Amino acid sequence: MGKLSLDKGRINQKMKTREVLLLKANELLKQRTEISVDMVAREAGVSKATAYRYFSSSEALKREASLQLKAKTNDDLFADLSTTDLNGRLDRLIDYHFNLFINNEIEFRLFLSSIIGESVIRKEAPSRAGRRVLLIREALKPLQSTLTPAVFNHMVNSLSIFFGIESITVLKDVCRLTNDEILQTWKWSVNRIVFFKD
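Residues numbered from 1 in each chain as written. Predicted model: local features only at pLDDT ≥ 70, side-chain atom pairs only at ≥ 80, totals over all residues. Heavy atoms only, no water.

Our focus in this paragraph is the overall build of the protein chain. Broken down by element type, the protein chain carries 12 helices and 0 strands. Going from N to C terminus, the protein chain has its helices and strands arranged as α-α-α-α-α-α-α-α-α-α-α-α. Across the 198 residues in the protein chain, those meeting the buried criterion constitute 43%. Considering only intrachain contacts with a sequence separation of at least 6, the fraction spanning at least 24 residues in the protein chain is 68%. (Helix = DSSP H or I, 4+ residues; strand = E, 2+ residues; numbered from the N terminus. Buried < 20%, exposed > 50% of the residue type's maximum accessible area, 1.4 Å probe, protein only. Contact = heavy atoms within 4.5 Å.)

Residues spaced three or four apart along an α-helix point in a common direction, a consequence of the helix completing one turn every 3.6 residues. Buried within helix H2 (residues 37–44) we find Val37, Met39, Val40, Ala41 and Ala44. Of the residues trailing H2, Gly45 is marked for its positive phi of about 75°.

Now for unusual backbone geometry. One non-glycine residue, Arg176, lies in the positive phi region at around 65°. Secondary-structure assignment places Arg176 in the loop between helix H11 (165–174) and helix H12 (179–195).

Helix-helix packing is described using two parameters, namely the angle between the two axes and the distance between the axes. In contact at an axis separation of 11 Å, helix H6 (residues 86–103) and H12 are set at 145° when each is read in the N-to-C sense. By crossing handedness, the relation of H6 to H12 is classed as right-handed. On H12, the residues that touch Leu86, Asn87, Leu90, Ile94, Asp95, His97, Phe98, Phe101 and Ile102 of H6 are Asn179, Ile182, Leu183, Trp186, Lys187, Val190, Val194 and Phe195. Looking at the contact of H6 with H12, its residues break down into 12 nonpolar, 3 polar and 2 charged. (Axes fitted to C-alpha atoms, helices over the stretch in contact; angles between N-to-C directions. Left-handed = near helix turned anticlockwise from the far one by under 90°. Nonpolar A, V, L, I, M, F, W, Y, C, P; charged D, E, K, R; others polar.)

Structure representation (structure tokens):
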């Protein structure tokens with residue numbers, strides 16, 4: 001089965017299907033059930049062939065599902081914030097991702113390592129997506145009607161560089177920043193990208 005692209009075509013539908021699989025996997029993991037891609041696909045009402053386009057193995061599915069248990073959805077993260085409160089939404093986005101990665105750094109580093117290794121060995125392995133793009137798009141919702149689609153997408157893609165374990169590893173391992181300095185770097189970068197200010 002070919003590699004599934006999550007950045008073109010019916011993106012929202014693909015992300016929803018992926019989310020359904022992860023939610024069902026999470027539900028089964030909470031029951032202490034030993035999961036497989038076949039089992040999760042059957043329980044989620046998704047074809048086995050489709051499920052394998054998102055997760056190339058049961059290990060890949062378990063690895064990501066266990067981390068997703070710690071993550072929040074758009075509704076969870078921004079439920080109490082107005083859709084016009086750009087500053088509040090960006091602050092929430094930054095604090096949420098920073099705490100998620102710093103508090104679970106070892107697990108996310110191991111996840112990143114395994115994903116990179118799998119991408120080298122198995123060229124047909126599916127792209128990883130996570131929730132960061134959806135959360136960033138939701139945080140930036142107050143700007144969506146004021147920007148062209150191209151500029152809005154550039155902004156979302158630029159911020160996606162920061163809100164992942166990849167950013168933590170570069171800033172900590174290469175730049176030798178402390179956790180506090182990483183947080184300040186994130187805030188400075190978001191201000192430059194979104195508000196064009198320091």
